[in-house]
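If you want the building blocks of each chain, they are given just below.
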Amino acid sequence: MRILRQGEPQLKERARPVDSSAEDVSGLVADLAETMYDANGVGLAATQCGVMKRVVVFDTSEERNELHAVVNPEVVTVCDEIEAQEEGCLSVPDVRIFIERPCHVHVRGENAAGQPVEYEADELLARVLQHEIDHLDGILIVDRASKAERRRAIRQQREAAHARAGLPLEEPKGFGEAAPGTRGL
Ligand code: ZN
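Residues numbered from 1 in each chain as written. Predicted model: local features only at pLDDT ≥ 70, side-chain atom pairs only at ≥ 80, totals over all residues. Heavy atoms only, no water.

A. Summary view of the nonpolar core. In this structure, Phe58, Val70, Val107, Tyr119 and Leu129 are the most contacted members of the largest nonpolar core, which totals 17 residues. When residues of this core are traced back to their parent elements, those giving at least two are β2 (55-58), β6 (104-110), β7 (116-122) and α2 (123-136). The dominant element in this core, judged by the number of residues it contributes, is α2, at five residues. Within the second largest apolar cluster, 16 residues are counted, among which are Val29, Met36, Leu44 and Val51. (Core = buried A, V, L, I, M, F, W, Y, C linked by side-chain atoms within 4.5 Å. Buried < 20%, exposed > 50% of the residue type's maximum accessible area, 1.4 Å probe, protein only. Helix = DSSP H or I, 4+ residues; strand = E, 2+ residues; numbered from the N terminus.)

This is how it looks when you write it as structure tokens:
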């Protein structure tokens, strides 16, 4: 599947719930998983591929062999503690910016077979779940970012475009170099 990029209108739309008793999403889940692994991503929402259904896949394991799919994921509770961490997004290439999110979330949904699943998540998994559920609501990291981080995103995109074109940078590198080696969502 093709991963949509920032600026494509479907990324701004809300996905609709899946009726698991009437719809088989196993094919969609397999396609999303393949697309996510091909892009070396940690997570992918169906909306990122233009499918407006509430389905996300993720794999936060180092070995890349623990695929999870959640249909109709819902955040039930979040903790009060908020943490800012750098995030990237497969739909917003070349950008890594700090996003504030609750450290811990309780998420409920269904698996690809329609059975109920629950996640008590913190650290990376909490972040991935919130990031992917945001996608289902048409929200991108740049929509969640502070003004300063949004400006930083624009600068990162401009620098990457210049680098690809083999041009020198217009201005010195900005503050806060992106942490290397973190995968996209
Ligand atoms: Zn994303």
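B. Just helix α1 (residues 26-38), in detail. The end-to-end C-alpha distance of α1, which contains 13 residues, comes to 18 Å, matching closely the 18 Å that a straight helix rising 1.5 Å per residue would cover. Within α1, burial applies to Leu28, Val29, Leu32, Ala33, Thr35 and Met36. Along the axis of α1, the buried residues cluster in a sector spanning 165 degrees; they form a single face. As for α1, its buried residues are in contact with β1 (43-45), β2 and β3 (68-78). Where α1 ends, the next residue or the one after it, asparagine 40, has phi of about 55 degrees, a positive value. (Expected span 1.5 Å × (residues − 1). Arc of directions from axis to C-beta. Contact = heavy atoms within 4.5 Å.)

C. Quick look at the pairing of β2. The side-chain alternation of β2 yields two buried faces, one formed by Val55 and Val57 and the other by Val56 and Phe58. Taken together, the three bridges between β1 and β2 define a ladder with antiparallel strand orientation. Bridge assignment links leucine 44 to a residue of β2, and that residue is valine 57. Relative to β3, β2 is paired through four bridges, and the arrangement is antiparallel. (Pairing = 2+ DSSP bridges.)

D. Inspection of a negative patch on the surface at higher detail. A cluster of acidic residues, Asp80, Glu81, Glu83, Glu118, Glu120, Asp122 and Glu123, forms a negative patch on the protein surface. With three residues, the single largest contributor to the negative patch is β7. Among the residues examined, glutamate 83 registers a relative accessible area of 37% and is labelled partly exposed. (Patch = residues over 30% accessible without salt bridge, like charges linked within 9 Å, V, L, I, M, F, W, Y side chains within 5 Å. Areas by Shrake-Rupley, 256 points an atom, 1.4 Å probe, with all protein chains shown as cover. Salt bridge = Lys/Arg side-chain N within 4 Å of Asp/Glu carboxyl O. Lys, Arg positive; Asp, Glu negative; His and termini not counted. Charge placed at Lys NZ, Arg CZ, Asp CG, Glu CD.)

E. Empty space enclosed by the protein, seen in detail. As enumerated under the stated definition, the model contains two cavities of 30 Å³ or more in all. Here the second largest cavity defines a volume of roughly 40 Å³. Along its surface, the second largest cavity is lined by Glu83, Arg101, Pro102, Cys103, Glu123, Ala126, Arg127 and Gln130. At the level of elements, β5 (92-102) and α2 are the ones that each hand at least two residues to the lining of the second largest cavity. Of all the elements, α2 adds the most residues to the lining of the second largest cavity, at four residues. Considering only residue class, the lining of the second largest cavity consists of three nonpolar, one polar and four charged. (1 Å grid on protein atoms, 1.4 Å probe; cavity = no way out; pocket = protein on both sides within 12 Å on 5 of 7 lines; lining within 4 Å. Points joined across faces, edges and corners; volume = space filled by probe spheres on them. Nonpolar A, V, L, I, M, F, W, Y, C, P; charged D, E, K, R; others polar.)

By themselves, these are just geometric observations and shouldn't be taken as functional.
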